[in-house]
Every structure is written in C-alpha cells, then in structure tokens.
Amino acid sequence: MSAAFDIMERLCSHVLKNMQMCYFLLDREGIIVRCGGNLAGLKLEGAGKNVQISDVLIFMSNLLPIPDTTMDFSCIQMAPDLCVDAQLFSLKDGYGLFVWDASEKEASLSQV
C-alpha cells in the first residue's frame, strides 16, 4: 500500500502542484491516518496524523459515514481568497479525500 501513497504524494506535490491539491486517508471515524500534497498552499497546515478531519475541514463535520461510495463537493469557500473542490470516497477500512484549489473555477462562475 505504501507505493500507492507514494504515487498520490508525487501526483499532488509535483504533477498537479499548480492545482494546489492534497489528499487525506481517514479511518472510519474521520481521523487522519495519512495526508500529503500541497497542504500549505491550501492553508491546511493544521492537518496531520491522528487529527479529526472536521477540525481541519469544517465542511466534513457530521458527514461520515457517507451514504454512497463517493461524495463530491464543489466551490467550498475556505477563506475569502480560497475556494476548493473535493471528493470523498469509501475505502476498505476508511475513506480517501482529495481537495484542490477551485478559486479560478469559482471566479469564472461568479462572472456568469
């Protein structure tokens, strides 16, 4: 399983770094087991192992367990200058969560 995390870290930190993407591996209770990617770029410096995900991402409060295998979030305002998209998905022993910067998307939608 370590190779999969190495690949996610590489994707989030290097390949997709302009998207300011990060990932979280959560247990069934929503506790962060592992995280990585561009946490600082998304102003998520408080994220770390054994931290409750809802303490880092308020929109995750009271969402677990999810009713389906995936749940998508779009244009969540995190700060006045930061909007994110996210995807939460079920895994065998918990959940995976990708979060990425959607500020440009939000700006283009607000012009419509």
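Quick caveat, the model's predicted, so the values are computed rather than measured.

### Looking at the overall build of the protein chain
Part 1 of the argument: Within the protein chain, the regular secondary structure consists of three helices and five strands.
Part 2 of the argument: Counted from the first residue to the last, the protein chain has its helices and strands arranged as α-β-β-α-β-β-β-α.
Part 3 of the argument: Within the span of the protein chain, comprising 112 residues, buried residues form 36% of the whole.
Part 4 of the argument: By sequence separation, contacts in the protein chain at least 24 residues apart represent 36% of the contacts at least 6 residues apart.
Part 5 of the argument: For the protein chain, the accessible surface area stands at approximately 6,500 Å², while carbon and sulfur atoms represent 54% of it.

### Some points on the sheet that holds strand β4 (residues 82-91)
Picture the strands of a sheet paired through backbone hydrogen bonds; they go either parallel or antiparallel.
Part 1 of the argument: A sheet is described by the order of its strands in space; here five strands give the open sequence β2-β1-β5-β4-β3, paired in antiparallel fashion. With partners counted over all chains shown, the strands left at the sheet margins are β2 (32-37) and β3 (70-79), one partner each. On average, each strand axis in the sheet is inclined to that of its neighbour by 20°, with strand direction left out of account.
Part 2 of the argument: When β3 meets β4, the two strands line up antiparallel, connected through seven bridges. Residue pairing across strands places Met71 opposite Leu88, the latter belonging to β4.

### Some points on the nonpolar core
Part 1 of the argument: Counting residues in each nonpolar core, the largest one holds 24 residues, and the members touching the most others are Phe24, Leu57, Leu97 and Val99.
Part 2 of the argument: Secondary-structure elements contributing two or more residues to this core are β1 (21-27), α2 (53-56), β3, β4 and β5 (94-101).
Part 3 of the argument: The element that contributes the greatest number of residues to this core is β4, accounting for four residues.
Part 4 of the argument: Dropping the residues within four chain positions of it, Phe24 is found in contact with Ile32, Arg34, Cys35, Leu39, Leu44, Ala47, Ile53, Leu57, Tyr95, Gly96, Leu97 and Val99.

### Brief notes about the side chain of Asp85
Part 1 of the argument: With respect to the helices and strands, the residue Asp85 is situated in strand β4.
Part 2 of the argument: At 2.7 Å, the side chain of Asp85 and the backbone nitrogen of Cys75 are in polar contact.

Parameters at a glance
Residues numbered from 1 in each chain as written. Predicted model: local features only at pLDDT ≥ 70, side-chain atom pairs only at ≥ 80, totals over all residues. Heavy atoms only, no water. Helix = DSSP H or I, 4+ residues; strand = E, 2+ residues; numbered from the N terminus. Buried < 20%, exposed > 50% of the residue type's maximum accessible area, 1.4 Å probe, protein only. Contact = heavy atoms within 4.5 Å. Areas by Shrake-Rupley, 256 points an atom, 1.4 Å probe, with all protein chains shown as cover. Pairing = 2+ DSSP bridges. Axes fitted to C-alpha atoms, helices over the stretch in contact; angles between N-to-C directions. Core = buried A, V, L, I, M, F, W, Y, C linked by side-chain atoms within 4.5 Å. Polar contact = N/O pair within 3.5 Å; in protein donor to acceptor, adjacent residues only side chain to side chain.

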